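# Coordinates in review
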Amino acid sequence: MTLQTPTSKEPPSLMDPAFVRTLTFVLIAVVGATFGDTLLSIGMRRVGELGASDVRSVATYFWRALTHPYVAGGIACMSIYFFTWLVVLSEADLSLALPLTALTFVLGTVLARWWLHETVTPARWFGTGVIAIGVVIVALTGTHQISSAPEKQGQETAPPPASVTAEPRP
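Since we're looking at a predicted model, the values are computed, not measured.

## So, the side chain of Thr128
Tracing the backbone through its elements, the reader meets Thr128 in helix α6 (residues 122–140). Residue class for Thr128 comes out buried when judged on its relative accessible area of 9%. Leave out the neighbours within four places in its chain, and Thr128 touches Phe105, Val106 and Thr109.

Structure follows, in structure tokens:
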């Protein structure tokens, strides 16, 4: 069931269950991606720079990186992002969903300042605020489609496998 057709001029209500579901998954994806990036940053700073570029050194470097706890945690968080993002893309227009992921810049800046103790200049804070305002505008305006059904218009349903439709053998 499509709650909003692409030709409609009104965005879905903020209390529309399908919109809330999609927004929830977007927020989970944003948190996963941002914490993933942050953990990867911490881990790779601790692993250090790639020194020599011969095959053995590169292999050793990546093995050290992949087995570092912060890098592994970052990969796990990015996996949460990836699989959650698949759900979002199955339910919402990309023109709605993708701009909402700009919240990673907002959360990333906050984490960089207070967890990584990076210096964030007033210009960066201003830019982060502009991004946040843009995300709100995208979420509240424009036309977009959010579907609560697994099938979208124009999508064909695959027939069941032959093993499901075949008659039982004697």
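## Section: a nonpolar patch on the surface
Together, Phe82, Phe83 and Leu86 line one region of the surface with nonpolar side chains, adding up to about 320 Å² of accessible area. Examined against the element boundaries, Phe82 turns out to sit in helix α3 (residues 69–91).

## Points about the environment of Leu39
Inspection of the secondary structure assignment puts Leu39 in helix α1 (residues 17–47). Sequence-wise, Leu39 and Ala76 are 37 residues apart; in three dimensions their C-alpha atoms are separated by 9.8 Å.

## Some details on helix α5 (residues 103–114)
Here α5 is twelve residues long and its end C-alpha atoms lie 17 Å apart, about the 16 Å a rise of 1.5 Å per residue gives. Buried residues belonging to α5 abut α1 and α6.

## What to know about the nonpolar core
Residues Val26, Trp85, Val88, Leu96, Ala97, Leu100 and Val135 are the most contacted members of the largest nonpolar core, which totals 13 residues. Secondary structure elements with two or more residues in this core: α1, α3, α4 (94–100) and α6. In terms of residues, this core owes the most to one element, α1, which gives four residues. With residues up to four places along the chain from it excluded, the contact list for Val135 reads Pro99, Leu100, Ala102 and Leu103.

## Observations regarding the pattern of salt bridges
Evaluation of the coordinates by the stated rule reveals two salt bridges. The shortest N-O distance in the salt bridge between Arg21 and Glu91 comes to 2.6 Å. One end of the pair, Arg21, is in helix α1; the other, Glu91, is in helix α3, and 70 residues separate them in sequence. Overall, Arg21 belongs to the partly exposed group, its relative accessible area being 41%.

## Points about the packing of aromatic side chains
Following the criterion strictly, the structure yields five aromatic pairs and no others. On the numbers, 6.1 Å between centres and 50 degrees between planes, the contact of Phe35 with Trp115 is tilted. Placement of the pair is Phe35 in helix α1 and Trp115 in the loop between α5 and α6, with a sequence separation of 80 residues. Using a relative accessible area of 29% as the deciding quantity, one classes Phe35 as partly exposed. Between Tyr61 and Phe62, the ring centres sit 5.4 Å apart and the planes meet at 70 degrees, which makes this aromatic pair edge-to-face. Since its relative accessible area comes to 46%, Phe62 is described here as partly exposed.

## A few points about the confidence of the model for the protein chain
Here the protein chain averages 83 in pLDDT, and 75% of its residues register 70 or above. Mean pLDDT values over the elements of the protein chain span from 53, in helix α7 (residues 162–165), up to 96, in α3. Scored below 50 in pLDDT, residues 1–7 makes 18 contacts in the model with residues more than four places away or belonging to other chains.

Calculation notes
- Residues numbered from 1 in each chain as written.
- Predicted model: local features only at pLDDT ≥ 70, side-chain atom pairs only at ≥ 80, totals over all residues.
- Heavy atoms only, no water.
- Helix = DSSP H or I, 4+ residues; strand = E, 2+ residues; numbered from the N terminus.
- Buried < 20%, exposed > 50% of the residue type's maximum accessible area, 1.4 Å probe, protein only.
- Contact = heavy atoms within 4.5 Å.
- Patch = residues over 30% accessible without salt bridge, like charges linked within 9 Å, V, L, I, M, F, W, Y side chains within 5 Å.
- Areas by Shrake-Rupley, 256 points an atom, 1.4 Å probe, with all protein chains shown as cover.
- Salt bridge = Lys/Arg side-chain N within 4 Å of Asp/Glu carboxyl O.
- Expected span 1.5 Å × (residues − 1).
- Core = buried A, V, L, I, M, F, W, Y, C linked by side-chain atoms within 4.5 Å.
- Phe/Tyr/Trp six-rings, centres within 6.5 Å; stacked < 30°, edge-to-face > 60°.
- pLDDT = per-residue confidence, 0-100.

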